[in-house]
Amino acid sequence: MTDNIRVLVAKPGLDGHDRGAKVVAGALRDAGMEVIYTGLRQTPEMIAEAAVQEDVDVVALSILSGAHMTIFPRVMDLLRERGVDHMLLTGGGIIPKSDGDELAKLGVGKLFGPGTSTRDIIAYINEEVARRRVADEI
Amino acid sequence: MKLLDRFLDGDRIALSRVITLLENDRNRRSAILDRLYPRSGNARRIGITGPPGSGKSTLTDRLTKQLRISGRTVGIIAVDPTSPFTGGALLGDRLRMQGSWDDPQVFLRSLADRSHTGGLSEATPHAMTALDAFGKDVIIVETVGVGQSTLDVSDVSDTTVVLLTPESGDSIQAMKAGLMEIADVLVVNKADREGADRFAAELRTIVDLGRWEEGWKPPVLSVSARDNTGMDGLYEKLDAHGDYLAGEGRLRRRRMRQGRSAIEKALGEMWRGRLTKLRDADCTMDRLSERVARREIHPLAAAGELMDELSV
Ligand SMILES: Nc1nc2c(ncn2[C@@H]2O[C@H](COP(=O)(O)OP(=O)(O)OP(=O)(O)O)[C@@H](O)[C@H]2O)c(=O)[nH]1
Ligand SMILES: [Mg+2]
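What counts as what
Residues numbered from 1 in each chain as written. Chains lettered and ligands numbered in written order. Predicted model: local features only at pLDDT ≥ 70, side-chain atom pairs only at ≥ 80, totals over all residues. Heavy atoms only, no water. Pairing = 2+ DSSP bridges. Helix = DSSP H or I, 4+ residues; strand = E, 2+ residues; numbered from the N terminus. Contact = heavy atoms within 4.5 Å. Axes fitted to C-alpha atoms, helices over the stretch in contact; angles between N-to-C directions. Buried < 20%, exposed > 50% of the residue type's maximum accessible area, 1.4 Å probe, protein only. Right-handed = clockwise from strand over helix to strand, strands pointing away. Buried area = accessible area lost by both parts, 1.4 Å probe. Salt bridge = Lys/Arg side-chain N within 4 Å of Asp/Glu carboxyl O. Polar contact = N/O pair within 3.5 Å; in protein donor to acceptor, adjacent residues only side chain to side chain. Nonpolar A, V, L, I, M, F, W, Y, C, P; charged D, E, K, R; others polar. Donors = N, O, S within 2.8 Å, 3.2 Å for Na, K, Ca; no water. Expected span 1.5 Å × (residues − 1). 1 Å grid on protein atoms, 1.4 Å probe; cavity = no way out; pocket = protein on both sides within 12 Å on 5 of 7 lines; lining within 4 Å. Points joined across faces, edges and corners; volume = space filled by probe spheres on them. Domains from an automatic or database assignment. pLDDT = per-residue confidence, 0-100.

## Side note on the sheet that holds strand E2 (residues 34-42) of chain A
Right, on to step 1. The strand order across the open sheet formed by 6 strands is E5(A)-E4(A)-E3(A)-E1(A)-E2(A)-E3(B), and the pairing between neighbours is parallel. The open sheet is flanked by strand E5 (111-112) of chain A together with strand E3 (89-91) of chain B, the only strands paired with a single partner.
Right, on to step 2. Both E2(A) and E3(B) contribute to a ladder of 3 bridges, which runs parallel. In the strand pairing of E3(B), A:Glu34 is matched with B:Ala89.
Right, on to step 3. Running at roughly 170° to E2(A), helix H1 (residues 19-30) of chain A makes contact with strand E1 (6-12), E2 and strand E3 (58-63) of chain A together with E3 of chain B of the sheet.
Right, on to step 4. With respect to the sheet, helix H3 (residues 68-81) of chain A is in contact with E1, E3, strand E4 (88-93) and E5 of chain A, its orientation differing from that of E3(A) by roughly 160°.

Take a look at the structure:
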């Protein structure tokens, strides 16, 4: 397992509650990860900014509003703009397979539907981060 | 361009990466500090400590805005505890520090304490050096919510602010935790709640009875970080303490004391590293003795191998 995996967990959009996001955040913490939790009502810009300053390996978004086709591409663009698109952008929500496929073409990672076991999410993150980590020359 | 060149060029992404390396990459930590340390030392460092939930993040957010109004750039390190059972951490300080999220002159990094005691992580002072070398005018460090533990924050800040709340109640508790000794400024937060005045008066009595440095008696202020009341008084006291330190070589003396303690800590770390190596060497010793007995290697060559393993 990769050491000290850092994950940003955010809940974009104006809708609803962050119960799901909190459950995932807690599960990732229990799996030994360092989870930066930024809570509700995060704009894509806030998410990208936080991702940069926190130098996370993973950006995980919980989107229940149905706005996934606008939010994921926007966050992906902002990460790319900042040159940090090595970060894994993933998340959960009610996302039809065809939408997921389209987002994958933009570089978005696997997306998880409601009721996914957190164990699957953890395994996926571990695997992806091990693959994506870059070594810096100082 | 290599990472540190980008850093010195003012690239925020590089700053962020450098902090990660200072945290994770023990082998290259020293080489990174070789470049950064000489460029640090110009920032004013403010430490914020206090019990869990006393409002440290909320207050830091307000203070950051105020500093920006006065034209100063700000770097923040916010530390939260690592779970001793899983090694994971939930870093929630950012949740209450979103007032300046779109200000490019504010950089906020959350760090897990990685089970280091004292309210800060081992890498926190190095991360502060990075922010300092990057050119931040003021560095604020928020500790883990401390109950009763040794307190490192006064080793890394010019001014230490201790935050208490009326319900953290008992000022005796704060004394026991050693919070009174390290406070340059005492703040009773959540003054919008009952009992704040009485509590502040109690704290003043304790300060009066205690010992303090010539020329600076820690003031006790009541504020509500949430409602933004009483905060001007705090800003004034912070500036006043800055002025106080500037006089008569006080800041230099304080930083010398901190330098000594930083060296001692680094020595402790190195020594721990050496001990781990000795333990590993013990295994090698077993393996080598067996090979010497079997005449596969002679004692001098075996000793040479051990020496190689032990040299740091
Ligand atoms: N009533 C009142 N509540 C406040 C005040 N300042 C902060 N709070 C609330 O206290 C809670 C904790 O605030 P934080 O700023 O997260 O406290 P903290 O000391 O950073 O907490 P930890 O980092 O977890 O130790 C939040 O619900 C805040 O809204 C205040 O002045 N008055
Ligand atoms: Mg906090």
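## Quick notes on the pairing of strand E7 (residues 185-188) of chain B
Residue and element names in this part refer to chain B.
Right, on to step 1. Burial along E7 is two-sided: Val185 and Val187 facing one way and Leu186 and Val188 facing the other are all buried.
Right, on to step 2. When E7 meets strand E8 (residues 220-222), the two strands line up parallel, connected through 3 bridges. Each bridged residue has a counterpart across the sheet, and for Val187 the counterpart in E8 is Leu221.
Right, on to step 3. Considered for its hand, the β-α-β crossover made up of E7, helix H8 (residues 196-209) and E8 is right-handed.

## Concerning the interface of chain A and chain B
Right, on to step 1. Taken residue by residue, the interface counts 29 residues in chain A and 33 residues in chain B.
Right, on to step 2. Between chain A and chain B, the buried area comes to about 2,900 Å², and carbon and sulfur atoms account for 51% of it.
Right, on to step 3. Considering only the side of chain A, the residues that lose the most area to chain B are A:Gln53, A:Asp136 and A:Ile138, jointly responsible for 28% of the buried surface there.
Right, on to step 4. A salt bridge links B:Arg17 to A:Asp136; its shortest N-O distance comes to 2.6 Å.
Right, on to step 5. On the surface where chain A and chain B come into contact, there are 23 residue pairs in polar contact (both at pLDDT 80 or more).
Right, on to step 6. Contributing elements (two or more residues each) for the side of chain A that touches chain B: H1, E2 and helix H2 (44-54) of chain A.
Right, on to step 7. Residue composition of the side of chain A that touches chain B, grouped by class: 11 nonpolar, 7 polar and 11 charged.

## As for the coordination of the magnesium ion (ligand 2)
Octahedral six-donor coordination of a metal ideally yields angles of 90 or 180 degrees, compared with 109.5 degrees for tetrahedral four-donor coordination.
Residue and element names in this part refer to chain B.
Right, on to step 1. Within the protein, the magnesium ion (ligand 2) binds to Ser57 (OG), Asp93 (OD) and Glu142 (OE); these donor distances fall in the range 2.1 to 2.2 Å.
Right, on to step 2. Here the donor residues for the magnesium ion (ligand 2) map to a single chain with the spacing S-x35-D-x48-E. Of this pair, Ser57 sits in helix H4 (residues 56-69) while Glu142 is found in strand E5 (residues 138-142), placing the two residues 85 residues apart along the sequence. Here Ser57 matches Glu142 in class, with each residue buried.

## Notes on H4(B)
Right, on to step 1. Its 14 residues give H4(B) an end-to-end C-alpha distance of 20 Å, which sits within 8% of 20 Å, the value for a rise of 1.5 Å per residue.
Right, on to step 2. When H4(B) is considered as a whole, its buried residues turn out to be B:Lys56, B:Ser57, B:Leu59, B:Thr60, B:Asp61, B:Leu63, B:Thr64 and B:Leu67.

## Some words on the layout of surface pockets
All names here are of chain B.
Right, on to step 1. If you add up the space inside the largest pocket, you get close to 1,500 Å³.
Right, on to step 2. Taken together, 38 residues line the largest pocket, and the ones lying closest to its centre are Arg29, Leu33, His126, Ala262 and Ala266.
Right, on to step 3. Of all the secondary-structure elements, those providing two or more residues to the lining of the largest pocket are helix H3 (26-36), helix H5 (124-134) and helix H10 (250-293).
Right, on to step 4. With 13 residues, H10 is the single largest residue contributor to the lining of the largest pocket.
Right, on to step 5. When the residues that make up the lining of the largest pocket are grouped by side-chain class, the tally is 12 nonpolar, 12 polar and 14 charged.
Right, on to step 6. Here the lining of the largest pocket spans two domains, since at least three of its residues come from each of domain 1 (41-249) and domain 2 (262-311).

## With respect to the confidence of the model for chain B
Right, on to step 1. Residues of chain B with pLDDT of at least 70 account for 96%, and the chain-wide mean is 91.
Right, on to step 2. Both scores are available for the predicted complex, with the pTM at 0.91 and the ipTM at 0.96.

## Re the environment of B:Ala123
Residue and element names in this part refer to chain B.
Right, on to step 1. Among the secondary structure elements, Ala123 is positioned in the loop between strand E4 (106-112) and H5.
Right, on to step 2. Between the C-alpha atoms of Ala123 and Thr20, which are 103 residues apart in sequence, the distance is 9.4 Å.
Right, on to step 3. Residue contacts for Ala123: discarding those within four places in its chain leaves Leu22, Glu23 and Arg29.

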